[in-house]
Amino acid sequence: MVTLEGTMSVPQDQLEATQVALVVHIALTQAEPGCLSFEVWPSAENPLIFHVKEAFIDGEAFADHQARAGASPWGQLTQGFAREYQTSGLDLSASADETFMHQSLQLADHASEAGEVPVGAVLVRDGQVMGQGFNQPISGLDPTAHAEIIALRQAAQLHNNYRLPGSTLYVTIEPCLMCVGALIHARVARVVFGALEPKAGAVLSHPCLESYPSNHRFAVTPGVLGEICGQRMSRFFAARR
């Protein structure tokens, strides 16, 4: 079982919108098959502080919830809100790598549905999601809007720091040269990816880190759910031929 408890701070000008969106968010979360309990309520002392208490049957159910909630209107509304959460039941083991990769795959599916190349990414520290994203350079009219960049931007804004030490990035496809550079500048500690990108991958397919004059290096774990991640890409491009 995975549990999460803590608080979320709501800006005064977003309070009414948060209260309205919360009703739908609670109903949808409680209807999820892996949800054991889910409660959010305002503090009696400060109506801008909301207490959060949730429990899910396992890590995969927790990751599924995080992916759905993050891509929902609730997630978009609250992504910049300050949070202080404690999570238990998640350990940074191989199974946890697969849990967060499943979440990245769900984000990749959002990209595919929007007509974008299906890549999803989740940034995690101490078992908690700091940021997440999916490819959107076409819809966003932004050549830098890769899944990894979106996740890094979200985390940096949420934590008010462009450095993100101790974090792990989970991404469905091997990062490109641009994203590798961003990961170095953000001081990400570890990168876990699914499938290799033979043409543009800059971690193992066309490694650049050894010759890059930087004092930061990140650990690499390739091939987590690699076959599934690769199939997402193959299916997407086959449908467009």
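Everything that follows concerns the structure shown earlier in this document.
Keep in mind it's a predicted model, so treat the numbers as computed, not measured. (Residues numbered from 1 in each chain as written. Predicted model: local features only at pLDDT ≥ 70, side-chain atom pairs only at ≥ 80, totals over all residues. Heavy atoms only, no water.)

Caption draft 1: Representation of the layout of surface pockets in the model. Reported here for the largest pocket is a volume of approximately 1000 Å³. Around the largest pocket, the lining comprises 40 residues; the ones closest to its centre are Q79, R83, V129, Q132 and Q154. If one sorts the elements of the lining of the largest pocket by residue count, strand β6 (residues 128-134) sits on top with seven residues. A class-by-class count of the residues in the lining of the largest pocket yields 16 nonpolar, 18 polar and six charged. (1 Å grid on protein atoms, 1.4 Å probe; cavity = no way out; pocket = protein on both sides within 12 Å on 5 of 7 lines; lining within 4 Å. Points joined across faces, edges and corners; volume = space filled by probe spheres on them. Helix = DSSP H or I, 4+ residues; strand = E, 2+ residues; numbered from the N terminus. Nonpolar A, V, L, I, M, F, W, Y, C, P; charged D, E, K, R; others polar.)

Caption draft 2: Seen up close, helix α6 (residues 177-185). Within the sequence span of α6, burial applies to C179, V180, G181, L183 and I184. Buried residues in α6 make contact with α5 (147-159), β7 (168-173) and β8 (190-195). One or two residues past the end of α6 sits R187, with phi positive at roughly 65°. (Buried < 20%, exposed > 50% of the residue type's maximum accessible area, 1.4 Å probe, protein only. Contact = heavy atoms within 4.5 Å.)

Caption draft 3: Examining the environment of G223 more closely. In this structure, G223 sits in the loop between β9 (219-221) and α7 (226-240). On the basis of relative accessible area, G223 is assigned to the partly exposed category, the value being 46%. Through-space distance from the C-alpha of G223 to that of T172 is 9.2 Å; in sequence the pair is 51 residues apart. Setting aside its immediate chain neighbours within four residues, G223 contacts F193 and G194.

Caption draft 4: Geometry of the pairing of β7. Most of β7 sits inside the fold, with six of its six residues counted as buried. Examined bridge by bridge, strand β5 (residues 120-125) and β7 share four bridges and lie antiparallel to one another. Note on β7: the bridge partner recorded for V122 is Y170. Alignment of β7 against β8, held across five bridges, turns out to be parallel. Opposite V171, over in β8, you have F193 as the bridge partner. Handedness of the crossover is the feature at issue here: the chain leaves β7, passes through α6, returns alongside β8, and the resulting connection is right-handed. (Pairing = 2+ DSSP bridges. Right-handed = clockwise from strand over helix to strand, strands pointing away.)

Caption draft 5: Structural view of the pairing of strand β2 (residues 35-42). Taken together, the seven bridges between β2 and strand β3 (residues 49-56) define a ladder with antiparallel strand orientation. The residue bridging F38 from the neighbouring strand is E54, located in β3. Joining the antiparallel neighbours β2 and β3 is a turn of six residues.

Caption draft 6: Region of interest: the packing of helix α1 (residues 15-30) against helix α2 (residues 59-71). Direction vectors running N to C along α1 and α2 enclose 150°, while the axes themselves pass 11 Å from each other. The orientation of α1 relative to α2 falls into the category roughly antiparallel. For the pair α1 and α2, the sense of crossing is right-handed. Every residue of α2 that contacts α1 at H25, L28 and T29 is listed here: H65, R68 and A69. (Axes fitted to C-alpha atoms, helices over the stretch in contact; angles between N-to-C directions. Parallel < 35°, antiparallel > 145°, perpendicular 65-115°, else oblique. Left-handed = near helix turned anticlockwise from the far one by under 90°.)

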